[in-house]
Amino acid sequence: MTGHDNPTFQDDNLSIPGDYKSTYFPQRPTKFEPENSQTCEESQSGSMPPDKGDQGPKRETWGKGVEFLMSCIAMSVGLGNVWRFPFTALDNGGGAFLIPYLIVLILVGRPIYYMEMALGQFSSRGSVKVYDFAPGMRGVGFGQLAAIISTATYYSSVMALIASYLIDSFKNPLPWSKCREGWINCIDSEGQSDPVNPDSGLTTSSQFYFLNEVLKEKSSIEDGIGLPDPYLTMCLAFSWLVVMLILIKGVKSSGKAAYFLALFPYVVLGILLIRSSTLPGAMNGIIYFIKPQWDQLLNPQVWYAAVTQVFFSLSVCFGNVIMYASFNKFDHNIYRDANIVTTLDTFTSLLAGFTIFGILGHLAHEIGTDDVSTVVVSGAGLAFISYPDAIAKFDFLPQMFSVLFFFMLFVLGIGSNVAMSSNICTVIRDQFPKVKNWQVSMAVSIIGLALGSVYVTPGGQFILELVDYFGASNIVYVLAIGELIALHYVYGMGRFCRDIEFMIGKRPGMYWRLTWGFITPLLLLTIFIYTLAIYSPLTYRGQNYPDSAYACGWTLAAFGVFQLPIWAAVAVIRQSGKTWREKFVGAFKPRPDWGPVVPSIAEKYRKFRATEDSKALFANDGFIHKIKRTLFG
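Values in this document were obtained by computation on a predicted structure and should not be read as measured data.

About the cut-offs
- Residues numbered from 1 in each chain as written.
- Predicted model: local features only at pLDDT ≥ 70, side-chain atom pairs only at ≥ 80, totals over all residues.
- Heavy atoms only, no water.
- Helix = DSSP H or I, 4+ residues; strand = E, 2+ residues; numbered from the N terminus.
- Buried < 20%, exposed > 50% of the residue type's maximum accessible area, 1.4 Å probe, protein only.
- Contact = heavy atoms within 4.5 Å.
- Patch = residues over 30% accessible without salt bridge, like charges linked within 9 Å, V, L, I, M, F, W, Y side chains within 5 Å.
- Areas by Shrake-Rupley, 256 points an atom, 1.4 Å probe, with all protein chains shown as cover.
- Salt bridge = Lys/Arg side-chain N within 4 Å of Asp/Glu carboxyl O.
- Core = buried A, V, L, I, M, F, W, Y, C linked by side-chain atoms within 4.5 Å.
- Domains from an automatic or database assignment.
- Expected span 1.5 Å × (residues − 1).
- Bend = angle between axes of the 7 residues up to and from the residue.
- Disulfide = S-S within 2.5 Å.
- UniProt positions renumbered as here; feature names shortened; annotations may be inferred.
- Axes fitted to C-alpha atoms, helices over the stretch in contact; angles between N-to-C directions.
- Left-handed = near helix turned anticlockwise from the far one by under 90°.
- Nonpolar A, V, L, I, M, F, W, Y, C, P; charged D, E, K, R; others polar.
- Phe/Tyr/Trp six-rings, centres within 6.5 Å; stacked < 30°, edge-to-face > 60°.

1. Concerning the overall build of the protein chain
Check the secondary structure of the protein chain and you find 24 helices and 6 strands. Taken over 633 residues, the protein chain has a buried fraction of 58%. In the protein chain, 78% of the contacts between residues at least 6 apart in sequence involve partners at least 24 apart.

Dropping the structure here:
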C-alpha cells in the first residue's frame, strides 16, 4: 500500500532513480554535494551552500536530521494527546471511536503529513511563500497563518493556567483539596462536606478552585469580560518568555531544545502509567475508556470528531509541518520521518488515555462508585478539575505527582507553541529576510502576550471557546481542501510525485496518490458540508453568547476564508499579460524560480523538468491516458 513503483539504484546514502543518475548526477560522490570543499555536514550548521561561487539564497538548516524528527514529535505530540484525545474518544463511542480515528489517520492524517513534509523540504519555503507553485492559491497560506495566530494566542493562555497549577503543586496541602468558606455544597478531596442544600448536588473543591480561585470566572459576558488577572498575566508572560528564548536563535536553538521537549513527556507518562495501574479501581477506568459503543460508528458526528482530532493532534493544514520541513537538507528521508511521527502520535494518545482513565477509575473507587462518568469533567476540566482532584486523593506524595503531571503538560504546551510561533516567525522572515531572527521572535512573543491577556480575564474562557471554534476549528477544513486542490489539481499530482522522486529517489506509490487526489479531499469536503448542515449556535457552559460575540466570531472565520479570493485577485492583478485571461492563467502557474533554492540542485531540477516535459509532449494525449498520467505519475 505504501510501496514505490520505480526501480532505484543506490548512490552512497541515497536512492536515486537509475534512469536519472547518469544524466543528472555524473561523477558525484554524494547526492547534491556542491562542487567545492564544503561538506554536507558543514552546510547543515548554517545556510545551504552555493555552487561554484554562485551566491544562492541563505537559509538555516537543522543541525542534525534527528533534530527535525524530535521537533516534529514535540509539535505533534502535545496537549491534544494527553487530555483532548481521551475525552473526544469517550464522548464519541469510547473504544469504538478508535476505529474511525485510525481510518481517518490512514486516509487523512498520514497522507497530508507526508505531503506537507515533501512540499516544505522541496521548496525550502515557509507556509505562505511555498505557494509560489501557484501564486493564485497563496490565500491558503495566509488563511492558515490567521488560524495559527488565533490558536497560538489562546494556547499560550492554557500554558499560563498550567504554570499556575504547577506552582500551586508545591504547596502542602494542595490548595484545591480543601473546601473554603463561601463554597456552597462543596465536597473536598477527602470526601468531607457540609451541604447547605443536599438536593442541589455537591461540587468538588477542585472545581470550585478552578472556577473561583484560578479563573475568577464570570457567569456571563453580557457586561464585558473584565480586566486581566495579574497573577495569570505573569504566568502568561513566563510562558512566552520560555518560547522566545527557545526561538531566539532559530532552528539552531529550537532543534537542541526539541530533544527535551519530545522525550521528557514520555518519561512522565511512563511514571504516571505505572503508578495509575497500581491504584485500586484503575482497571475500571481503563475499561470505561476502551469499552466500545458500536452504535456510534454510524454517527457522522463521530467521524467529524475523528478528523478534528487528527488535524489538531498532528498539526496538519496549519503550515507548521511545511515550515519545519523547509529547514531540512534537500535529500532528507521524510518518508521515514512521516511514518514515525504519525505512528508515535497515535501510540501517545492511547498511552495517555490509559494513564488518565486509570487515575480517574481510582477517583471513582475512592468516592465509592463504579460509574467513572460521575467523576469526569470534559474539556479543560480534565486537566484542571478531574485530574487534580484524583491526585489530591493519593496517599503517597500527591505533591510530587502533581508537579510531574503539570510540568509534563507545560513541556507539551511549549513544544506545540514553539512550532506555531516559529511558523509565524518564518513567514515574516521569508517576506523580510533582512530582519534578524531575535527581533522577530521578540516581536511575536510580545504581541502574543498582549493578545493572550484577553484569555486571562474573568470572561477569558468565553473568548477562548469563541476563537477556537471560529478562528481555527471551522476554517481549517476549507483551507485543507484548498491546499489539496492547489497542489494536486493546480500544480499537478504527477509533477508533485516526480518532484518527490527527484528529491529523495522514491516516487510515491498508489496509496499516496489515491488519498491525495481523491479520498482525502472528498472526505474533508463531506465533513465540511456535514458541519454546515448540523450547525447550531456556539454555547459555553450551556450559555449562549451575545449577538455581538457571534458577529465577531463569524468575522474572524470570514477573515480566514476570504484570504482565498483576496490573494487570488492580487495574484491576477500583479501577473504580467496583455489580457485578463493571460493574467488569470499565469497566476495559477508556478513562478519561474519555483523549485529547489540551492543553485546546483535547481540547475539539475531544470534539466530534469525539461526531460519530463519532452516525454509528456510525445505521450498519448487521450482522455484516459491523461487521467492515468495525473493519478499515477
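2. Some remarks on a nonpolar patch on the surface
A cluster of nonpolar side chains, I485, Y489, M510, L514, F518 and I519, forms an exposed patch at the surface whose accessible area comes to about 530 Å². When residues of the nonpolar patch are traced back to their parent elements, those giving at least two are α18 (475-504) and α19 (510-533). The greatest single-element share of the nonpolar patch, amounting to 4 residues, is contributed by α19. Note on placement: F518 falls in helix α19.

3. Here we look at the pattern of salt bridges
Applying the stated criterion across every chain yields a total of 12 salt bridges. Note that R138 is salt-bridged to D132, the shortest N-O span being 2.1 Å. Taking relative accessible area as the criterion, D132 reaches 1% and is therefore assigned buried. Residue D223 pairs with K218 through a salt bridge whose shortest N-O separation is 2.8 Å.

4. What about the nonpolar core?
A general trend in soluble globular proteins is that nonpolar side chains are found buried together. Y113, F311, L409 and L524 are the most contacted members of the largest nonpolar core, which totals 189 residues. Here this core spans two domains, since at least three of its residues come from each of domain 1 (65-163 + 251-378 + 399-432 + 467-588) and domain 2 (599-632). Residues in contact with F311, not counting those within four places in the same chain, are V108, I112, V316, C317, F318, V476, A480 and L524.

5. A closer look at helix α17 (residues 460-473)
Taking 1.5 Å per residue, 14 residues should reach 20 Å; α17 reaches 18 Å between its end C-alpha atoms and fits that length. At V467, α17 shows its maximal kink, close to 25°. Listed as buried for α17 are G460, Q461, F462, I463, L464, L466, V467, Y469, F470, G471, A472 and S473. In this structure, the buried side of α17 is in contact with α6 (138-168), α11 (300-314), α18, β5 (539-540), β6 (543-544) and α20 (547-561).

6. Concerning the state of the cysteines
Taken as a whole and judged by the stated rule, the model has 1 disulfide. There is a disulfide in this structure between C179 and C186, and the S-S distance comes to 2.0 Å. Disulfide C179-C186: the torsion about the S-S bond is -85°, which places it as left-handed. Judged by its relative accessible area of 3%, C186 is buried.

7. Quick word on unusual backbone geometry
Of the consecutive residues N172 and P173, the connecting peptide bond is found in the cis state with omega at 0°. Unusually for a residue other than glycine, S124 sits at a positive phi of about 55°. By the secondary structure assignment, S124 is in the loop between α5 (98-123) and α6. Judged by its relative accessible area of 9%, S124 falls in the buried class.

8. Quick notes on the UniProt feature "binding site: Na(+)" (unreviewed entry) in the protein chain
Taking the UniProt record as the reference, the feature "binding site: Na(+)" (unreviewed entry) is found at V77, N81, S313, L412 and S416. Despite a sequence span of 340 residues, these residues sit close together in the fold, their greatest C-alpha distance being 11.7 Å. Its place among the elements puts V77 in the loop between α3 (65-76) and α4 (79-91). Excluding anything up to four places from it in sequence, V77 contacts Y266, S313, D345, T348 and L412. By the secondary structure assignment, N81 is in helix α4.

9. Some thoughts on the packing of α6 against helix α7 (residues 205-214)
Taken N-terminus to C-terminus, the directions of α6 and α7 make an angle of 115°; their axes are 13 Å apart at the nearest point. Crossing angle aside, the handedness with which α6 passes α7 is right-handed. Two secondary-structure elements touch here, α6 through L161, S164, Y165 and D168 and α7 through S206, Y209, F210 and V214. Within the contact of α6 with α7, the residues separate by chemical class into 5 nonpolar, 2 polar and 1 charged.

10. Thoughts on α7
For α7, the tally of buried residues reaches 7 of 10 residues, placing the bulk of the element in the interior. Among all positions in α7, only S205, S206, F208, Y209, F210, L211 and V214 are buried. Phi turns positive, to about 50°, at K216, one or two residues after α7.

11. Quick word on the packing of aromatic side chains
Where two aromatic rings form a pair, the distance of their centres and the angle of their planes describe that pair. By the definition in use, this model includes 55 aromatic pairs. Ring centres 6.4 Å apart and planes at 50° place the aromatic pair F260 and F407 in the tilted group. Of the two residues, F260 sits in helix α9 (residues 251-277) while F407 sits in helix α15 (residues 398-431), which places them 147 residues apart along the sequence. With relative accessibility at 31%, the residue F407 sits in the partly exposed group. Summarising the aromatic geometry, the rings of Y304 and Y477 are spaced 5.8 Å apart at their centres and angled 25° between planes, so their arrangement reads as stacked.

12. Observations regarding the side chain of S164
Looking at the secondary structure, you find S164 in helix α6. Look at S164 and you get buried, because its relative accessible area is 2%. Not counting the four nearest positions on each side in its chain, S164 is found in contact with V214, Y231, L232 and C235.

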